[in-house]
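Coordinate analysis (summary)
For reference, the chains in residue letters:
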Amino acid sequence: MKPMRRLFKQANIASQDNPMPAIADVLVDESGVIRDVSPDIPPSTDMKVLDCSNKILLPGLFDMHVHLREPGREDKETIETGTNAAINGGISGILAMPNTDPPIDSGGMVRFVRAMARDRSGIPVLTSGCITKGRAGKSLADLADMHTQGAVMITDDGSPVADPYLFRRALEYSRHFDIIVASHCEVPELSRGGAMNEGAQSYRLGLPGIPACSEEISIERDLRLAQCADARIHIQHISTARGLAIIRRFKEEGVRVTCEVTPHHLLFSDNDIQDYNTHLKMNPPLRSPEDNKALLDGLNEGLIDVIATDHAPHTRFEKELDFASSPFGITGLDTALISLFTHLINKGLIGWDCLVRRFASEPRRILQLEPADIVTGSTADFIVFDPNGRTHVNNSFIKSKSINTPYLGLELCGSVDMMVRGTEILLDRGGCRNEPLFSSKGGME
Amino acid sequence: MITEPNPSPVHSRKDLLDIESLSAEEINHLLETAKPFKELFTRSVKKVPALRGKTVLNLFFEPSTRTRASFEIAAKRLSADVTNLAVSQSSVVKGESVLDTVDTMQSMKVDYLVVRHGAAGIPNQIAKHSPASVINAGDGNHAHPTQALLDAFTIKEAMGDFSGRKILIAGDILHSRVARSVSICANKLGMEVGIFGPPTLIPHGHPDYFHTFNSFEHALEWEPEVIYLLRLQLERQSAHFFPSLREYHQVFGMTRERFELVSRKGIYIMHPGPVNRGVELTDEVLTYDRSLINRQVENGIAARMAVLYWLQPGIPSPTIEEKAET
């Protein structure tokens, strides 16, 4: 099909600067660049006009914590299905974690993932590389090769680098490449054998607990080492109020630390694990309602830099095992935006500015990528969201290869109607009426 | 003549998974139901036809002789047909899940599944999946509801009532499904519950109604009327919960010295069995006239008969697969 100009009429445009979206028209030209964003752009016959009244336009989200499982566990997810799930959920760029099988711990592996993504994905798929060879925590992986091939972060995600000496050296060495080191914080000796947060609920269910201090001690250690090494560090999936307080202290001391929170650590607590629902089992585990509150406050205050899903697909068979034996992790790409909309934005607990900043702008800034702002002159990279729509989270909606989400079988508010990237429409649920608002002759309403 | 107990206004349930989901009224109803069943044991024909034509499957993923035998006798005294199946938990390693095993069992159209498993929550999972009535015969550290019912029956038999009476549960509270179920049951029945053990084996986040003590002597000053000693899993030592069995016995066990005081006061002693002599208790406890340990075993059959008699097989709730389709 011949490229054409597209005019998004009467859209409510969400940005990182205003809690409430502002109405404007957006014109995307035939090369996929946003030509104009202004209150009333007159349509012409060579434009495809989309009525976006009552819809929200927001920058495509960027998820900097995704497990794509390829190579190694293609039965759970592939780069292709994972990116389809991302598009389905309004996420237009992702950063893959390196704990595949084999792990992404060399230039060759980074190259493989990048090449697969170019062939199979409609959105940018970036990848991280391991801090240590084989994620074994014994020796440093070849960083220069991985960096040259395009790795934008190093992490042993899934486990911490247990040896503080090695982690210190990794932080120092990373500075030469100005690559960010991301840390999964956990003291394995304290968390070993645990299945959920240690507390009243783990006692009630008779499940082995993971104490909050396991994560907090590790955050403290890693930030102190980053301070000592003067390196950039990103703390992954924080889950506790005390962990956040530690981050606050080091930020105040000037350490270059950023951190992320997952939607599930904002929206669920261990009290929700009522009947051994393995779709609420992840690492770090769901903590207390007080922790939910502290994380939400931290998000609004700006202490938490990023929302990321920690999308972790697992097979149905594995998630049907008993709670203690089933693997950690839930999927998030398909449902992150609609769940945050349903439970936070719709209830006035966060504004659209917070969502855009934490889930679109900041991850790109931290990874030194081009922004995806809806402004004149930038390449189109946005989604059309229907706040009045409903999404039924079932087999036909879910595009991930796995269905391990706590929202399975539930209906959520809002619907991602469309994803626009450059000249391409990657998703179109037909929510926007294609016929012009006005008569075909171009007369006004 | 005694026949079957009268139908009661307390509605039956499909499953018995834990004590927590039972009301005090339901617990009392089960204790009342167990009474005539126990009277039956003194007769020459110890059998009623209540479950004639029904099939009970004892599905034990964890080895057990006592509990399995108790359920088997209970079911047979209700005239049910009983099959015992010991399944290795390691079948999961071969790619077969517990639900696969249950599916196989389901093809045999059993009415009651008595399940024991080393992992918490397995009976809940099976109950959602199967139309058979599921009875939890012990799952990991979670629950052992029929143990709590037989214990409550035994306490009532010995003391007549529950209200305001004090029970001290001593030992490894953290890893004990018995402690969980017994404490919840005692609390629902109006008893006061004290717990005592090494701080390493006292759970974080235990219920507020637990009285806690910093020594056995201190616990005895609280004047408990029943001391419930838990079986210590000997492998806890290697996980550093305490330094040695010798020290455990001296500081946290029912030593001969403590037992002398206990017997002078006439405090009842209970234990879910089998006992570790010289660890949680001294030998003398076993011949003590106020030891209820053998009564617990006998009452186990009556309590389990009451449970089997009360439950009604029914319809399972939707599975993951069905949820995904909707």
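Predicted model only: the values in this text are computed from it and were never measured. (Residues numbered from 1 in each chain as written. Chains lettered and ligands numbered in written order. Predicted model: local features only at pLDDT ≥ 70, side-chain atom pairs only at ≥ 80, totals over all residues. Heavy atoms only, no water.)

**Focus on the layout of surface pockets**
For the record, the criterion: Detection works on a 1 Å grid of protein atoms alone, calling trapped sets that fit a 1.4 Å probe cavities and calling open sets with protein on both sides within 12 Å along at least five of seven lines pockets, with lining residues defined by an atom within 4 Å of a point. Grid points are joined across faces, edges and corners, and a volume is the space filled by probe spheres set on the points. By definition, any uninterrupted DSSP run of H or I lasting at least four residues is a helix, any uninterrupted run of E lasting at least two residues is a strand, and each is numbered from the N terminus. For this scheme, ten residues count as nonpolar: Ala, Val, Leu, Ile, Met, Phe, Trp, Tyr, Cys and Pro. Four count as charged, namely Asp, Glu, Lys and Arg, and the remainder, Gly too, count as polar.
Taken as a whole, the largest pocket holds about 1000 Å³ of empty space. Glu-62, Arg-116, Arg-177, Val-178 and Gln-233 of chain B are, among the 41 residues lining the largest pocket, the residues nearest its centre. Going through the elements one at a time, helix H2 (66–77), helix H5 (145–159), helix H6 (177–188) and helix H10 (293–310) of chain B are the ones with two or more residues in the lining of the largest pocket. Among the elements that make up the lining of the largest pocket, the one with the highest residue count is H10 of chain B (six residues). In terms of residue class, the lining of the largest pocket is made up of 15 nonpolar, 17 polar and nine charged. Sorting the residues of the lining of the second largest pocket by element identifies helix H5 (188–191) and helix H6 (200–205) of chain A as the ones contributing at least two each.

**A word on the sheet that holds strand S6 (residues 61–66) of chain A**
Residues and elements named next belong to chain A. What counts, and what does not: By definition, two strands form a pair when at least two bridges between them are found by DSSP. Whenever a helix is involved, its axis is fitted only over the stretch in contact; in every case the axis is a line through C-alpha atoms, and angles between N-to-C directions fall within 0 to 180 degrees.
Strand order in this open sheet of three strands is S6-S7-S8, and the pairing throughout is parallel. Of all the strands in the sheet, just S6 and strand S8 (125–127) have a single pairing partner and so form its edges. For this sheet, the mean angle separating the axes of adjacent strands, direction not counted, is 20°. Where strand S7 (residues 91–96) meets S8, three bridges bridge the pair, whose relative direction is parallel. Paired with Ile-94 across the strands is Val-125, a residue of S8.

**What to know about the nonpolar core**
As a reminder of what qualifies: Nonpolar cores were defined as sets of buried Ala, Val, Leu, Ile, Met, Phe, Trp, Tyr and Cys residues, with membership established by side-chain atoms within 4.5 Å. With a 1.4 Å probe rolled over the protein chains alone, any residue whose accessible area is under 20% of its type maximum counts as buried; one over 50% counts as exposed, and the rest are partly exposed. Domain delimitation in this document rests on an assignment produced automatically or drawn from a domain database. Contacts are assigned to residue pairs that have any heavy atoms within 4.5 Å of one another.
Of all hydrophobic cores here, the largest spans 103 residues; its most connected members are Leu-58, Ile-235 and Leu-355 of chain A. Take this core: its biggest share by element is seven residues, from helix H12 (residues 336–345) of chain A. For this core, the domains that each give at least three residues are domain 1 (5–57 + 378–400 + 411–428) and domain 2 (61–366) of chain A. Contact partners of Ile-235 of chain A, with chain neighbours within four places excluded, come to Ser-183, Cys-185, Ile-219, Leu-223, Ile-247, Val-257, Thr-258, Cys-259 and Glu-260 of chain A. Counting residues in each nonpolar core, the second largest holds 64 residues, with Tyr-203 of chain A together with Leu-16, Leu-230 and Ala-306 of chain B among its members.

**With respect to the domain arrangement of chain B**
Residue and element names in this part refer to chain B. Put simply, the rule is: Accessible area that two parts lose when put together, evaluated with a 1.4 Å probe and summed over both, is termed the buried area. One side-chain nitrogen of Lys or Arg within 4 Å of one carboxyl oxygen of Asp or Glu is enough to make a salt bridge.
Looking at the assigned domains, one finds that chain B contains domain 1 (24–144 + 299–318) and domain 2 (145–298). Its C-alpha centre places domain 1 at a distance of 26 Å from the equivalent point of domain 2. The partner domain 2 presents 29 residues to the 31 residues of domain 1 that form the contact. Carbon and sulfur atoms supply 59% of the area that domain 1 and domain 2 bury against each other, a total of about 2400 Å² over both sides. Here domain 1 is connected to domain 2 by three salt bridges. In this structure, the salt-bridge partner of Glu-62 is Arg-177, at a minimum N-O distance of 3.1 Å. Where the side of domain 1 that touches domain 2 is concerned, the elements lending two or more residues are helix H1 (24–40), H2, strand S3 (112–117), strand S4 (133–139) and H10. At nine residues, H1 tops the list of elements feeding residues into the side of domain 1 that touches domain 2. Considered class by class, the residues forming the side of domain 1 that touches domain 2 number 13 nonpolar, 10 polar and eight charged.

**With respect to the packing of aromatic side chains**
As a reminder, the rule being used: What counts as a ring pair is set by centres within 6.5 Å for rings of Phe, Tyr and Trp (its six-membered ring), and what kind of pair is set by the plane angle: stacked under 30 degrees, edge-to-face over 60, tilted for all other angles.
Taken as a whole, this structure holds 15 aromatic pairs over all chains when the rule is applied. Consider the rings of Phe-341 of chain A and Trp-352 of chain A, whose centres lie 5.9 Å apart with planes at 35°: the pair is tilted. Taken together, the positions of Phe-341 of chain A in helix H12 and Trp-352 of chain A in helix H13 (residues 352–366) put the pair 11 residues apart, joining distant regions of the chain. Between the aromatic rings of Tyr-248 of chain B and Phe-252 of chain B, the centroid separation amounts to 5.8 Å while the plane-to-plane angle is 45°, which identifies the pairing as tilted. One end of the pair is Tyr-248 of chain B and the other is Phe-252 of chain B, both in helix H8 (residues 245–252) and four residues apart, which spans about a single turn.

**Side note on the domain arrangement of chain A**
All names here are of chain A. The condition that has to hold: Polar contact is the term for a pair of N or O atoms within 3.5 Å; when the atoms are in protein, one must be able to donate a hydrogen and the other to accept it, and sequence-neighboring residues count only if both atoms are side-chain atoms.
For chain A, the assigned domains are domain 1 (5–57 + 378–400 + 411–428) and domain 2 (61–366). Using only C-alpha atoms to locate each centre, domain 1 and domain 2 end up separated by 29 Å. Carbon and sulfur atoms make up 66% of the surface buried where domain 1 meets domain 2, a total of about 2300 Å² over both sides. Counting across the domain 1 and domain 2 interface gives two salt bridges. The salt bridge involving Asp-381 is made with Arg-364; its shortest N-O contact spans 3.6 Å. Counting across the domain 1 and domain 2 interface gives eight residue pairs in polar contact (both at pLDDT 80 or more). Secondary structure elements with two or more residues in the side of domain 1 that touches domain 2: strand S1 (5–15), strand S2 (18–28), strand S16 (381–392), strand S17 (411–421) and strand S18 (424–428). Looking at side-chain class alone, the side of domain 1 that touches domain 2 contains 16 nonpolar, seven polar and four charged residues.

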